[in-house]
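One-letter residues, chain by chain:
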Amino acid sequence: MTTITSPTATIDPFAPGVPASAWQFLNHLNPLTKIAAVMPAIVLLVFVRDMMTPLIFIALAYVLILTGTRITGKIAALLFLAVPLGIVAVGFGFSLWVDAASVDATAPFLQIGGWTLFTGALQVGCASALRITAILALALIGGLTTTGPDLARAGIQQLHIPYRIGYTALAAYRFVPRFSYELSVIRAAHRVRGHHRGRGPFAAIARGWGYIVPLLASAIRHAERVALAMDARAFGAYPTRTERHIVPFRTRDVVFIVAFIAASAVIFALTYPWLAV
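Computed from a predicted structure; not experimentally measured.

Conventions we followed
Residues numbered from 1 in each chain as written. Predicted model: local features only at pLDDT ≥ 70, side-chain atom pairs only at ≥ 80, totals over all residues. Heavy atoms only, no water. Helix = DSSP H or I, 4+ residues; strand = E, 2+ residues; numbered from the N terminus. Buried < 20%, exposed > 50% of the residue type's maximum accessible area, 1.4 Å probe, protein only. Contact = heavy atoms within 4.5 Å. Axes fitted to C-alpha atoms, helices over the stretch in contact; angles between N-to-C directions. Left-handed = near helix turned anticlockwise from the far one by under 90°. Nonpolar A, V, L, I, M, F, W, Y, C, P; charged D, E, K, R; others polar. Salt bridge = Lys/Arg side-chain N within 4 Å of Asp/Glu carboxyl O. Phe/Tyr/Trp six-rings, centres within 6.5 Å; stacked < 30°, edge-to-face > 60°. Core = buried A, V, L, I, M, F, W, Y, C linked by side-chain atoms within 4.5 Å. Pairing = 2+ DSSP bridges. Patch = residues over 30% accessible without salt bridge, like charges linked within 9 Å, V, L, I, M, F, W, Y side chains within 5 Å. Areas by Shrake-Rupley, 256 points an atom, 1.4 Å probe, with all protein chains shown as cover. Parallel < 35°, antiparallel > 145°, perpendicular 65-115°, else oblique. Polar contact = N/O pair within 3.5 Å; in protein donor to acceptor, adjacent residues only side chain to side chain.

Enquirer: Now, about the overall build of the protein chain: what can you tell me, with residues and values included?
Expert: Helices and strands together make up the secondary structure of the protein chain, namely nine helices and two strands. In sequence order, the secondary structure elements of the protein chain are arranged as α-α-α-α-β-β-α-α-α-α-α. Counting every position in the protein chain, which comprises 277 residues, the buried fraction comes to 30%. Excluding contacts between residues fewer than 6 apart, the proportion of contacts in the protein chain whose partners are at least 24 apart in sequence is 78%.

Structure (structure tokens):
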């Protein structure tokens, strides 16, 4: 028996995923909770200049992610490969922009001809890279455990964002995987018909140029269908709408916000990074 999977069933971002287990507590928190908890620390991290404070927040974010959600291969590669490589690359890149005259009292780290990279410049670059990484790691607490539809629904239900804006965002979010699927179909159709075969950059440009018109036509057709569907459901006709999916704000959300803000305050109080250079 052959099963035919429709495009909508294949790419629908609103379809329920695999239920998270009880120990994956980050997945059971309200999306707004994970934003409200980390936002004070993210704002204050912009102004710190030491390396210890970002390192502690990176460790804290990693502990929460590793213990509070399911770790897939992609997430593991991001956390343990992409992030460390990014710290090294960004830190070295920032160190090249540091004024040598301000750090020439430190020991040389690298010399190429008449150019010298001082350890002070490297420390400044690493501090900047760690600060950016700490902000990214805190953002990943919610980013890895929150879906776009749930975030939009939470904004409508808890922040009372007008549903005209929230559901429009949901519709736009659904366009992205739809376009990805349409692009794969167009590529397969072009391969079957033998369009723009060959290798090299010019063949790749020709293939990419051939995708534009059919993808644009598909986008217009899909936008028309979405507009007709929303109009048929009287979208925007009433000041409020009922909710099919409820994203609750529970006691656990309050506890997480208070605990994370308290932990952040303790970290900043112990390291006191405001005067660090």
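Enquirer: Pulling in residues and values, what's your account of the packing of helix 4 (residues 73-95) against helix 5 (residues 119-143)?
Expert: Where helix 4 meets helix 5, the closest approach of the two axes is 7 Å, and the angle between their N-to-C directions is 145 degrees. The way helix 4 lies across helix 5 gives a crossing that is right-handed. From helix 4, Leu78, Leu79, Val83, Ile87, Val90, Gly91, Phe92, Phe94 and Ser95 reach across to helix 5, where they touch Ala121, Leu122, Gly125, Cys126, Ser128, Ala129, Leu130, Ile132, Thr133 and Leu140. Here the residues of the contact of helix 4 with helix 5 sort into 14 nonpolar, five polar and no charged.

Enquirer: Just give me the short version of the pattern of salt bridges, but keep the residues and values in it.
Expert: Tallied over the entire structure, the rule returns two salt bridges. Among the salt bridges present, the one from arginine 153 reaches aspartate 150, with a minimum N-O distance of 3.3 Å. In this pair, arginine 153 and aspartate 150 are both assigned in helix 6 (residues 148-157), three residues apart and thus about one turn of the helix distant. Residue glutamate 182 pairs with arginine 178 through a salt bridge whose shortest N-O separation is 3.1 Å. Here arginine 178 and glutamate 182 lie together in helix 7 (residues 163-193), a separation of four residues that amounts to about one turn. The two residues glutamate 182 and arginine 178 agree in class, both being buried.

Enquirer: Give me the packing of aromatic side chains: which residues, what numbers.
Expert: Here the structure, examined in full by the defined rule, presents four aromatic pairs. Here tyrosine 62 and phenylalanine 80 contribute two aromatic rings whose centre-to-centre distance is 6.0 Å and whose plane-to-plane angle is 80 degrees, an arrangement assigned as edge-to-face. Here tyrosine 62, found in helix 3 (residues 52-68), pairs with phenylalanine 80, found in helix 4; they are 18 residues apart in sequence, far enough to count as distant.

Enquirer: Quick one: what's the story with the nonpolar core, residue by residue and with numbers?
Expert: Grouped together as the largest cluster of nonpolar side chains are 28 residues, with contacts concentrated most on Leu45, Phe57, Leu138, Ile141, Phe256 and Phe260. Contributions of two or more residues to this core are made by helix 2 (31-45), helix 3, helix 4, helix 5 and helix 9 (251-271). Setting aside residues no more than four positions away along its own chain, phenylalanine 256 makes contact with Phe25, Leu26, Leu29, Thr33, Ala37 and Leu64. By size, the runner-up hydrophobic cluster in this structure holds six residues, among which are Val98, Leu117, Phe118 and Leu122.

Enquirer: Can you break down the pairing of strand 2 (residues 115-118) residue by residue, with the values?
Expert: In summary, the side chains of a regular strand alternate between the two faces of the sheet. Relative to strand 2, strand 1 (residues 108-112) runs antiparallel, the two being bridged by four bridges. By the bridge assignment for strand 2, leucine 110 is matched with leucine 117. As consecutive antiparallel partners, strand 1 and strand 2 are separated by two residues, and within that stretch glycine 113 has a phi angle of approximately 65 degrees, a positive value.

Enquirer: I'd like to hear about a nonpolar patch on the surface, residue by residue, with values.
Expert: Taken together, the side chains of Phe92, Leu96, Trp97, Phe109, Leu110, Ile112 and Trp115 define a hydrophobic patch exposed on the protein surface, amounting to about 780 Å² of accessible area. In terms of residue count, the dominant contributor to the nonpolar patch is strand 1 (three residues). With respect to the helices and strands, phenylalanine 109 occurs in strand 1.

Enquirer: Tell me what's going on with helix 6, and back it up with residues and numbers.
Expert: Buried residues dominate helix 6, accounting for seven of its ten residues. Looking only at helix 6, the buried set comprises Pro149, Ala152, Arg153, Ala154, Gly155, Ile156 and Gln157. The secondary structure elements touched by the buried residues of helix 6 are helix 2 and helix 7.

Enquirer: Explain the packing of helix 2 against helix 6 to me, using residue names and the numbers behind them.
Expert: Packed helices, taken two at a time, are described by the angle their axes make and the gap between the axes. Axis separation between helix 2 and helix 6 bottoms out at 8 Å; the angle between their running directions is 85 degrees. Relative to helix 6, the element helix 2 is oriented roughly perpendicular. For the pair helix 2 and helix 6, the contacting residues are Pro31, Leu32 and Ile35 in the first and Asp150, Leu151, Ala154 and Gly155 in the second. Partitioning the contact of helix 2 with helix 6 into residue classes produces five nonpolar, one polar and one charged.

Enquirer: Explain the side chain of threonine 145 to me, and be specific about the residues and the numbers.
Expert: Position of threonine 145 among the secondary structure elements: in the loop between helix 5 and helix 6. Overall, threonine 145 belongs to the buried group, its relative accessible area being 10%. Engagement of the side chain of threonine 145 in a polar contact is seen with the backbone oxygen of isoleucine 141, the distance being 2.7 Å. Filtering out sequence-adjacent residues up to four positions away, threonine 145 remains in contact with Leu26, Asn27, Lys34 and Thr69.

Read these as spatial facts, not as claims about activity.
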